[in-house]
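Report on the structure
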Amino acid sequence: MMWFALIVALLGMSALTIIQTPREWLRCRLLRMVLIVYHTVGIASILLILFVVFRMKDGILRETIIWVETCYFTVTVYALLLSVVRYFGFELARHFRHRKILHILSSPMAFLLAVLIVSTAYMIPSVYNATTLRTVAYDIQVDKRCSTDTLSIAVVSDFHVGAGARHSELDQMAELLAAAEPDVILIDGDVCDSSSSADDLAYMEAVLKRLDCRYGVFYAEGNHEVECRIDPDPYLLCAGVTILKDRGVQLENGVNLIGRKNALETSAEQIINGCKLDPDAPTVVFQHRAEGLRRLEGVADLVVCGHTHGYQFPFVGILVPYFRDITYGRRTVGNTNVIVSSGVSEWGYRTKWPSQSEVTLIHVSFREAAQ
């Protein structure tokens, strides 16, 4: 469904770029051919990602398709934005009769050059951010007793393996996790989507099998799993991952660990009661979406989320904070600590800015170790 929405959006953007194109530009045979080829190849890359990529193995052909789609989306977005700037600039220049500026704004070559320069300036850092993982660490203090003084938690989410994380990004993730040596690893949803192949999921399984930590690896459901053509659960189970879908377990040190389904219909209290966990024990809830956080106040000491990818799309980082309580990073809701990871990869568009793909480490300190 998300891919269909993306196609509709891109078709609308393509239509707008054609509508706003000056008629004198279309009379130029070269420019006309460039526009036809540009939009045909761009839309074709989206259709290939939707209907063909899930049958492909990780390789040059798949990479080419995804990179073409990424470039097409970026250039189209900035072409539309610069068209708006050009329109108002043209009106101002005409009002003040500034012939030199009018001449520059009327030049199709000047406009195309500006679009390419701006698009390239955006893509260089954003592609690096999307494909190069870093480690981000947080220190959390929990005012409850535990059988250990500390707990080291690693959070990875939003693989979108195939159209998102390539095999190389999964390898980076495994290396960072091995270096961090966490006590427990949480996989916070969206391990796959409609473009993930059986080969992608098998590679993910092999990578997850390499992970080693004291209390194990746990998984909670994301929103894109329902779009997967292949059920990821058997691959996760074969890798030794414990699946927590509205379930909870108590770790050996007495900490409650609760994984919620993407729908967030079952409350954390219901899960604690249903799994017969100690409600007074330190409690970590991991759920894919950063929603319903107020209802977790006083129930969870730490809530871990993914889903947002930080700020993946151009200018979204400016707007999203007005629609979400938290998009990325750390925030406290009462006595509850909330951390949202930007994820291991991106979704369908290989750029991230200003956020960067990451492995999230959380060092939890308890008031005192229980005797």
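Quick summary incoming for the structure in this document.

Calculation notes
- Residues numbered from 1 in each chain as written.
- Predicted model: local features only at pLDDT ≥ 70, side-chain atom pairs only at ≥ 80, totals over all residues.
- Heavy atoms only, no water.
- Helix = DSSP H or I, 4+ residues; strand = E, 2+ residues; numbered from the N terminus.
- Polar contact = N/O pair within 3.5 Å; in protein donor to acceptor, adjacent residues only side chain to side chain.
- Contact = heavy atoms within 4.5 Å.
- Axes fitted to C-alpha atoms, helices over the stretch in contact; angles between N-to-C directions.
- Parallel < 35°, antiparallel > 145°, perpendicular 65-115°, else oblique.
- Left-handed = near helix turned anticlockwise from the far one by under 90°.
- Nonpolar A, V, L, I, M, F, W, Y, C, P; charged D, E, K, R; others polar.
- Buried < 20%, exposed > 50% of the residue type's maximum accessible area, 1.4 Å probe, protein only.
- Pairing = 2+ DSSP bridges.

What follows concerns the side chain of His 288. By the secondary structure assignment, His 288 is in the loop between strand E8 (283-286) and strand E9 (302-305). A distance of 2.7 Å separates the side chain of His 288 from the backbone oxygen of Asp 188, its partner in a polar contact. Among the polar contacts listed, one links the side chain of His 288 to the side chain of Asn 223, at a separation of 3.0 Å. Apart from the residues lying within four places of it in its own chain, the contact partners of His 288 are Asp 158, Asp 188, Gly 189, Asp 190, Glu 221, Gly 222, Asn 223, Asn 262, Cys 305, Gly 306 and His 307.

Turning our attention to the packing of helix H4 (residues 60-95) against helix H6 (residues 108-131). Taken N-terminus to C-terminus, the directions of H4 and H6 make an angle of 130°; their axes are 9 Å apart at the nearest point. Here H6 runs oblique to H4, going by the angle between their axes. Our pair here, H4 against H6, has a crossing hand that is right-handed. From H4, Trp 67, Thr 70, Cys 71, Thr 74, Val 75, Tyr 78, Ala 79, Leu 82, Ser 83 and Arg 86 reach across to H6, where they touch Phe 111, Ala 114, Val 115, Val 118, Ser 119, Tyr 122, Met 123 and Val 127. Residues belonging to the contact of H4 with H6 are distributed by class as follows: 13 nonpolar, 4 polar and 1 charged.

A word on the pairing of E9. Along a regular strand, successive side chains alternate from one face of the sheet to the other. Neither face of E9 is open: one carries Leu 302 and Val 304, the other Val 303 and Cys 305, and all of them are buried. Bridge count between E8 and E9: 3 bridges; the pairing is parallel. Residue pairing for E9: Val 285 is matched across the bridge by Val 303. Where E9 meets strand E11 (residues 336-340), 4 bridges bridge the pair, whose relative direction is parallel.

For the rest of this paragraph, the subject is the packing of helix H3 (residues 29-51) against H4. Running from N to C, H3 and H4 point in directions that differ by 130°, and their axes come no closer than 9 Å. Classified by the angle their axes make, H3 and H4 are oblique. Crossing geometry of H3 relative to H4 is assigned as left-handed. Where H3 abuts H4, its residues Tyr 38, His 39, Val 41, Gly 42, Ile 43, Ser 45, Ile 46, Leu 48 and Ile 49 lie against Ile 65, Ile 66, Val 68, Glu 69, Tyr 72, Val 75 and Thr 76. Of the residues assigned to the contact of H3 with H4, the class counts are 11 nonpolar, 4 polar and 1 charged.

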